[in-house]
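Reading the structure
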Amino acid sequence: VILFHAGFDWFKGGYVGVDIFFVISGYLITTIIISEMTDGKFSIVNFYERRARRLLPALFFVMTACLPFAWLWLSPNDLKEFGQSLVAVSTFSSNILFWLQSGYFDTAAELKPLLHTWSLAVEEQYYIIFPVFLMLTWKLGIKWILILLTIAFFISIGIAQWGAYNSPPAAFYLLPTRGWELLIGVFAAIYLKYNVHIKSFYINQILSLVGFTMIMFSIIVFDKTTPFPSFYTLMPVTGTALII
């Protein structure tokens, strides 16, 4: 992602780092939640407390560090938008604000100091909904949970594919078109929790290599003209799942 924003041609698809992040995040958090639920130890209050302790100190540090530079460098109008972004970041709604303001690849958007927080907002919105969903459906059993999540997955990726061509900024920034990427991580977590891992060393290495190749292909071949998120996004997120 850093090399993409720095303008390196070989990393013109480096923005897929965000999609990789969504899969890993979906996997890690789901592993924690279902392990605690299986043991009967899950507490939604403790879950949100851990998330806050992990995220907020670093987030508020970044916001504070941006203040003097924004004051010195930004025009009055840009400074006003920066103030709006501070509020949006604090309420995990910056993805909605940046969607309303501009597209991700606009020149003006590239200069927004807190633009990168949109993905954090998507993640946190998802984790407001997901634990509650699991709490409400846990007694139905993992089979029904998977059925419901699979339905949500296909709805989400369908909306993303449509939105990538008909409303690209909304498709890029908003949870309904990004949720399926997190769900791939969720599926990986559930699979590894309830199934025996693949024993073959060579099959594991081959799958990992295929996954890594899919990610590198996306980084090198994709660019600003690639509809995103869409079926194209299956390339890096499936690659990430294979590595997991």
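The structure reproduced in this document is the subject of the present report. (Residues numbered from 1 in each chain as written. Predicted model: local features only at pLDDT ≥ 70, side-chain atom pairs only at ≥ 80, totals over all residues. Heavy atoms only, no water.)

Points about the overall build of the chain
Along the backbone of the chain there are 12 helices and zero strands. Each helix (α) and strand (β) of the chain, taken in turn from the N terminus, gives the series α-α-α-α-α-α-α-α-α-α-α-α. Over its C-alpha atoms the chain spans a radius of gyration of 19 Å, differing by no more than 12% from the 18 Å that the globule rule assigns to 244 residues. Projected onto the principal axes, the alpha-carbon positions of the chain cover approximately 55 × 40 × 35 Å. A total of 244 residues make up the chain; the buried ones form 41% of that total. Once local pairs closer than 6 in sequence are excluded, the contacts in the chain between residues at least 24 apart make up 73%. Within the structure as shown, the chain displays about 13,200 Å² of accessible surface, and the carbon and sulfur contribution to it stands at 72%. Each charge class in the chain was averaged separately, 14 positive and 13 negative side chains, and the resulting centres sit 11 Å apart. (Helix = DSSP H or I, 4+ residues; strand = E, 2+ residues; numbered from the N terminus. Rg over C-alpha atoms; globule rule 2.2 N^0.38 Å. Buried < 20%, exposed > 50% of the residue type's maximum accessible area, 1.4 Å probe, protein only. Contact = heavy atoms within 4.5 Å. Areas by Shrake-Rupley, 256 points an atom, 1.4 Å probe, with all protein chains shown as cover. Lys, Arg positive; Asp, Glu negative; His and termini not counted. Charge placed at Lys NZ, Arg CZ, Asp CG, Glu CD.)

Topic: helix H12 (residues 234–243)
Turning to H12, its buried residues are Pro236, Val237, Gly239 and Thr240. All buried residues of H12 project into a common sector of 155° when viewed along the axis, lining one side. Tucked inside the fold, the buried residues of H12 contact helix H2 (17–38), helix H10 (175–194) and helix H11 (201–221). (Arc of directions from axis to C-beta.)

A short note on helix H7 (residues 118–137)
Over its 20 residues, H7 extends 29 Å from the first C-alpha to the last, a length consistent with the 28 Å expected when each residue adds 1.5 Å. The buried fraction of H7 is high, at 14 of 20 residues. (Expected span 1.5 Å × (residues − 1).)

Regarding the environment of Thr38
The residue Thr38 is located in helix H2 in this model. Residue Thr38 is classed as partly exposed on the basis of its relative accessible area of 43%. Spatially, the C-alpha atoms of Thr38 and Trp138 are 9.4 Å apart, while their sequence positions differ by 100 residues. Other than its neighbours up to four places away in sequence, Thr38 contacts Trp138, Lys193 and Tyr194. One polar contact links the side chain of Thr38 to the main-chain carbonyl oxygen of Ile34, over a distance of 2.7 Å. (Polar contact = N/O pair within 3.5 Å; in protein donor to acceptor, adjacent residues only side chain to side chain.)

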